Amino acid sequence: MADLRQVLDAFSDDFLTQHRVSPEKASVLSLLRRCRTSDLGAHANVCTNCGHLSVAYNSCRNRHCPLCQSIKREMWRFDRGADLLNTHYFHAVFTVPHELNDCFIKNQRIMYDILMKSSAEALLTLSRSSKYLGAQIGATAILHTWGQTLSYHPHVHFIIPGGGLCLKSGLWKSTGRKFFIPVKVLSLVFRAIFLKRLKELSALGTITVSMDFHSLISVLYEKNFVTFIKDSLDSPMHVINYLCQYTHRVAISNHRILSVGKDSVSFKYKDYQQGGISKTMTLSGYEFIRRFLLHVLPKSFSKIRHYGILAGRNRPTKLETCRKLMRIQPAARSRDYSTSQFIELFLPHLIKPCPYCNEISDSLKPT
């Protein structure tokens, strides 16, 4: 078995001499190569029981690193558990036609923002209509840009509670088990909002396209902006566990990388067109790095967003109203604990005993 750092060590230097990349992407490559090595420094752990000294290399903490996501993911999982409502949930996926890929690659920050805002606006606008629900819903959105083979495929996953806060009565209004907005209607409204925003930004000259913009718009009006609704999720823990499959995932995890050759990388993937069977793909080292860098997000771009009653400003008011209506007790959040306290209470498996005396020492708890 191999890992991402081996791939980057083998091929990223040659890639950077042949291909011009942004300083942000070059920095990501550098950080991932140096993660948990002496290049980023180290810290000493001294066992308070026996005095044994051990040295641990520092992590890069970059969000694209497959080694640095576990604690962040678990703290996020804990906080989302505090927002759960006693209802079923829906999982929706919004995608755009592949004709937009070039525009997305050239204008990543702007296009990702349009995609997330347009899909959320479509959901919230139709939900407020008395024709469908007549309530303000909540939604958690997670941006993904990749397919199983590291292909470029921008799309947004939404987890949506099965109901909302009624606009007239101020009471909780539940939906049935079937998604409450017709998918065809949702797709059409999503396309209309997305293209309206795209035309406005083009008129301002803030986006770059490689073809005639009016021709591109004409093509897009003929394309389906596919919206897919998956089965509803009943168990609150199922909702959280399902969400965490998408939140802190990186383009490719270490366990999928099988081998690194002189000029190539082999990794496993699931072919969902054939029922999700596992297959192996081999790419040149250059092509692997090129595809990986497509999925490096713009600096500080927020890929997880909350809308409606789950939006940050609405949680203390509207979300709490829903929780009171459902008689849900207030829950703790990760900010109520230091990182070491959180690990000790909720992630004890991460605490390793002293290799010399086999005792747990406060100084050996990860931070």
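This text gives an overview of the structure that appears in the document. (Residues numbered from 1 in each chain as written. Predicted model: local features only at pLDDT ≥ 70, side-chain atom pairs only at ≥ 80, totals over all residues. Heavy atoms only, no water.)

Remarks on helix α7 (residues 213–221)
For α7, every residue scored as buried is listed here: F213, L216, I217 and L220. Here the buried residues of α7 occupy an arc of 100° about the axis, which is enough to place them on one side. Lining the buried residues of α7 we find α6 (183–203). For α7, the capping residue at the N-terminal end is D212, with a side-chain oxygen 3.4 Å from the backbone nitrogen of H214. (Buried < 20%, exposed > 50% of the residue type's maximum accessible area, 1.4 Å probe, protein only. Helix = DSSP H or I, 4+ residues; strand = E, 2+ residues; numbered from the N terminus. Arc of directions from axis to C-beta. Contact = heavy atoms within 4.5 Å. Polar contact = N/O pair within 3.5 Å; in protein donor to acceptor, adjacent residues only side chain to side chain.)

What about the pairing of strand β2 (residues 53–57)?
Bridge count between strand β1 (residues 42–46) and β2: 5 bridges; the pairing is antiparallel. Bridged to V46 within β2 is L53. The loop that links β1 with its antiparallel partner β2 comprises 6 residues; one of these, G51, has a positive phi angle of about 85°. (Pairing = 2+ DSSP bridges.)

A few points about the sheet that holds strand β9 (residues 227–233)
Across the sheet, which stays open at both edges, the 5 strands sit in the order β9-β3-β6-β5-β13 with antiparallel pairing between neighbours. Each edge of the open sheet carries a strand with a single partner, namely β9 and β13 (304–308). Here the average twist between neighbouring strands, direction ignored, is 20°. When strand β3 (residues 89–95) meets β9, the two strands line up antiparallel, connected through 5 bridges. (Axes fitted to C-alpha atoms, helices over the stretch in contact; angles between N-to-C directions.)

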